[in-house]
Amino acid sequence: MAGIAHRLTDVKAKIAAAARDAERDPAAVTLVAVSKTFEAEDILPAIEAGQRVFGENRVQEAKGKWPALKERFPDIELHLIGPLQTNKVKEAVALFDVIESVDRPKLASALAAEMARTGRRLPCFVQVNTGAEPQKAGVAPADTAAFVEQCRADGLDVVGLMCIPPADDEAALHFALLAKLARACGVAKLSMGMSGDYPTAILLGATHVRVGSAIFGVRG
Ligand SMILES: *Cc1c(COP(=O)(O)O)cnc(C)c1O
């Protein structure tokens, strides 16, 4: 599919333009290409076009396609961006390279224990429920600093914060809140912005944007 490589180029150009508008170095923004629901045959054109950082939201689905791709392309960096059950921690630590969705104490302890056991100490992001939505994962903004401290005490390498703003809200407000919380917690990285709003997220300091449909097309 030539369309995927073409759209990838377009997204990368928009990332660079947004970074320049914000007087930031475009290289300081990492594109996480979200390949959930797409098969290896759709992902390959993106890899062949040079993309190396990918995001998946389900451990089971990722296990079906990524081990073979990672064997062929060992420099791929795979991010888990969706909810993680503690009974999948072992598989997640084995397969993923970054965990973006640490959202509760029990998960943090289970991840820390598995990383200590295997020696795979993966960078982690704490997911913040900036919109305080009952159905959405993430710690409450007011609890974020204490939770980051607790994760670190457990031994997790917390490098940043991640959020998914409410669909019907002004995303910029949530991005600004996440940036403020990250400063307060002393973490440098911000995973925020999706296909509909990544340029705004970059203006507000995103170091990682998670872009799916703008690259791979509408999910079936
Ligand atoms: C699916 C997903 C994305 C990508 O969404 P698009 O709108 O397709 O870019 C980003 N982040 C998370 C957590 C997701 O689940």
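Residues numbered from 1 in each chain as written. Predicted model: local features only at pLDDT ≥ 70, side-chain atom pairs only at ≥ 80, totals over all residues. Heavy atoms only, no water.

With that settled, the discussion passes to the environment of G64. Mapped onto the fold, G64 is located in helix α3 (residues 59–72). Between the C-alpha atom of G64 and that of Q51, which follows or precedes it by 13 residues, the distance is 20 Å. (Helix = DSSP H or I, 4+ residues; strand = E, 2+ residues; numbered from the N terminus.)

Time to look at the site of the ligand. Contacts to the ligand come from V34, K36, I81, I164, M194, S195, R210, V211, G212, S213 and R219. Taking G212, its main chain carries an N or O atom lying 2.8 Å from an oxygen atom of the ligand. If the ligand stood free it would expose 390 Å²; the protein chains cover 88% of that surface. Within the shell around the ligand, the residues separate by chemical class into five nonpolar, three polar and three charged. (Near = heavy atom within 4 Å. Polar contact = N/O pair within 3.5 Å; in protein donor to acceptor, adjacent residues only side chain to side chain. Areas by Shrake-Rupley, 256 points an atom, 1.4 Å probe, with all protein chains shown as cover. Nonpolar A, V, L, I, M, F, W, Y, C, P; charged D, E, K, R; others polar.)

Side chains V53 and G55 of strand β2 (residues 53–56) all project onto a buried face; the interleaved residues F54 and E56 project onto the opposite face, where all are buried too. With two bridges connecting them, strand β1 (residues 30–34) and β2 associate as parallel partners. Bridged to A33 within β2 is F54. In the classification by handedness, the crossover that spans β1, the intervening helix α2 (residues 40–48) and the parallel β2 is right-handed. Looking at chain direction, β2 and strand β3 (residues 77–80) are connected through four bridges and run parallel. Opposite E56, over in β3, you have L80 as the bridge partner. (Buried < 20%, exposed > 50% of the residue type's maximum accessible area, 1.4 Å probe, protein only. Pairing = 2+ DSSP bridges. Right-handed = clockwise from strand over helix to strand, strands pointing away.)

These figures come from the coordinates and say nothing about function on their own.
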